[in-house]
Amino acid sequence: MSKSTSKSPDGLIDHADPILKAFVIHPVRPARGQAALEARDPKARLEEAVGLAVALDLDVVETAIAPLRTVTPATLFGSGKIAEFKAICEVEHIDVAVFDDQLTPVQQRNLERGLGVKVVDRTGLILEIFARRARTREGKLQVELARLDYERSRLVRTWTHLERQRGGTGNTGGPGETQIELDRRLIAGTIGKLKRELDEVRRTRTLHRSARKKVPYPTVALVGYTNAGKSTLFNRLTNAEVVAQDMLFATLDPTLRTVKLPDGRPAILSDTVGFISDLPHELVEAFRATLEEVQEADVVLHVRDVANPDTDAQARDVQSVLNELKVTADEGKTVVEVWNKIDLVEGEEREILEGRAKRSDASAVSAVTGEGCPELLKRVGGLIDDTPPMALRLTPADGEALAWIYRNGRVTERIDQEDGEIRLVARLDPQALGRFERQFPTVWVMPIGE
């Protein structure tokens, strides 16, 4: 999507991106059995595809839900449907046809020929959004790697320059290599370079994670479907100002902030990229370094938009990615469902929803109003509070030791005696306890129960 250089009314050259007209089509593939039962609502899928197109600044002027009786290998649709789509493209002066499906390279090429417009599939659309939104060096590397991996399969014989280059010397010699082979070799070299750079990023992230582990801060990761309200909840819990918009993939790069738990203990909260139905495999692989934050977290909060009619299907899509990352209870991970946007549900429907949340052991919250957020933090604190409690007795002269405990531990109970003695029940991780006993050997410390 190149920039326009048309002149504005004042005679100056306008370098703004042209607004492209888009026709969004959601193909409904035939499904049977369990796949049919779990199939997403076509209207919801179409609405999501339109949201993706809008997020790419496309002007969606026409939409269609197109059931498929049979899948045509060459063009996905039959010739009659192609003719119908072409007529719409001509009447509406369409620039881009967006197919909410994963097209093969041959299907994409043949559809462009049949419709006479640029064709973008779901994977290409998401990759383009990620390419525009990535801000950090890591994010840009990950997106570029995913894009090249995707485009490597798109090198089909479409353009006239894809002909054999002359090999050897003079007018005779071998046929040489095709332009396709040359392009694939160049892309393979670039992919190798990007993977090496990402390995460096992964090593750096591992070092940062190791440094954080030396400081006894538990980690909590937010995951969920895109636009479920993760960034809004992140801002609510940490008092941060991360970009939070009613838009698909408003934020991509992971953000980490410190959050105070109810007992005063700090924890690290990370806001990760949103998931989506049929998330391109290229992106899952490219963002594996970022998703390591989810794999290493002590607690994973699965944020759901319960005001969305398609929330159950969205939850299944997120769960499938978590399964791929091995972030499940079966793998020893602590995953809590957070049912967000309850402020958008009213009356009897809300009562039913809150009852379901209790039975499902989920936390119902509103990131916008803050309702349920204190209870959520309290629950998180309980889930990661696995250090044994210690009983301590401090004299009035132990003020420095008292301050140290509040800075590095978690005081759960305090009793001030009349004689000035202070009795505490506190939790200190093994490293902190060792440092405390070395620094303050005269303070009486005893594990609870002994």
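Our subject is the structure listed above.
Note that the structure is a prediction, hence the values are computed from the model and not measured.

Cut-offs used in this document
- Positions within a chain are numbered from 1, following the residues in the order the chain's sequence is written.
- For this predicted model, a pLDDT threshold of at least 70 governs which residues receive local features, and a threshold of 80 or more governs which side-chain atom pairs are given and counted, while totals over whole chains, interfaces and linings are taken from all residues.
- Working from all heavy atoms in the structure, the side-chain values ignore hydrogens and water.
- Secondary structure elements follow DSSP: runs of H or I of four or more residues count as helices, runs of E of two or more count as strands, with numbering from the N terminus.
- Think of it in three bands: with a 1.4 Å probe and only protein chains considered, a residue is buried below 20% of the maximum accessible area for its type, exposed above 50%, and partly exposed in between.
- By definition, residues are in contact when any of their heavy atoms lie within 4.5 Å.
- Where accessible areas are quoted, they stem from the Shrake-Rupley method and a 1.4 Å probe; at the residue level, only the protein chains shown are allowed to cover.
- Between the rings of Phe, Tyr and Trp (Trp by its six-membered ring), a pair exists once the centres lie within 6.5 Å; its type follows the angle of the planes, with under 30 degrees stacked, over 60 edge-to-face, and the other angles tilted.
- Charge-over-ring contacts are defined here by two conditions on Lys NZ or Arg CZ: a distance within 6 Å of the ring centre and an angle within 35 degrees of the ring normal.
- At least two DSSP bridges between two strands are required for those strands to pair.
- By convention, orient the strands away from the viewer: a clockwise path from the first strand over the helix to the second makes the crossover right-handed.
- Each axis is a line fitted through C-alpha atoms, and for a helix only the stretch in contact is used; angles between axes span 0 to 180 degrees, taken between their N-to-C directions.

(A) Focus on the overall build of the protein. In terms of regular secondary structure, the protein is built from 15 helices and 14 strands. Per-residue burial over the protein gives 46% buried out of 450 residues. Counting contacts in the protein only where the partners sit at least 6 residues apart, residues at least 24 apart contribute 67% of the total. When the accessible area of the protein is evaluated, it comes to approximately 23500 Å², of which 50% is carbon and sulfur surface.

(B) Examining the environment of Val 106 more closely. With respect to the element layout, Val 106 can be found in helix 4 (residues 105–115). Given the relative accessible area of 34%, Val 106 is considered partly exposed. When the C-alpha atoms of Val 106 and Thr 75 are compared, they prove to be 7.7 Å apart, with 31 residues separating the residues in sequence.

(C) Just the packing of aromatic side chains, in detail. Throughout the structure, instances matching the rule amount to 7 aromatic pairs. Relative to Phe 99, the ring of Phe 77 lies with its centre 6.1 Å away and its plane at 45 degrees, an arrangement referred to as tilted. Of this pair, Phe 77 sits in the loop between strand 2 (59–67) and helix 3 (79–92) while Phe 99 is found in strand 3 (residues 96–99), placing the two residues 22 residues apart along the sequence. The burial state of Phe 77 is the same as that of Phe 99; both residues are buried. A connected cluster of aromatic rings, assembled from ring pairs, spans Phe 23, Phe 77, Phe 85 and Phe 99. It is Arg 393 that lies over the ring of Trp 444; its NZ or CZ is 4.4 Å from the centre.

(D) Quick peek at the pairing of strand 3. Here strand 3 shows two buried faces, one formed by Val 96 and Val 98 and the other by Ala 97 and Phe 99. With 4 bridges joining them, strand 1 (residues 21–28) and strand 3 adopt parallel strand pairing. Paired with Phe 23 across the strands is Ala 97, a residue of strand 3. In the sheet, strand 3 pairs with strand 4 (residues 118–121) via 4 bridges, with the strands oriented parallel. Bridge assignment links Val 98 to a residue of strand 4, and that residue is Val 120. Each parallel crossover has a hand, and for strand 3 linked through helix 4 to strand 4 it is right-handed.

(E) Structural context of the sheet that holds strand 11 (residues 389–394). Strands sit in the order 12-13-11-14 across an open sheet of 4 strands; the sheet is antiparallel. Among the strands making up the open sheet, the edge pair consists of strand 12 (410–416) and strand 14 (444–447). Looking at each pair of strands side by side, their axes are set apart by 20 degrees on average, direction ignored. Where strand 11 lies against strand 14, 4 bridges are found, and the strand directions are antiparallel. The residue of strand 14 that forms the bridge with Met 390 is Pro 447. This element, helix 14 (residues 399–408), spans strand 11, strand 12 and strand 13 (422–427) of the sheet and lies at about 145 degrees to strand 12.

Scope: geometric values only; no functional claims are made or implied.
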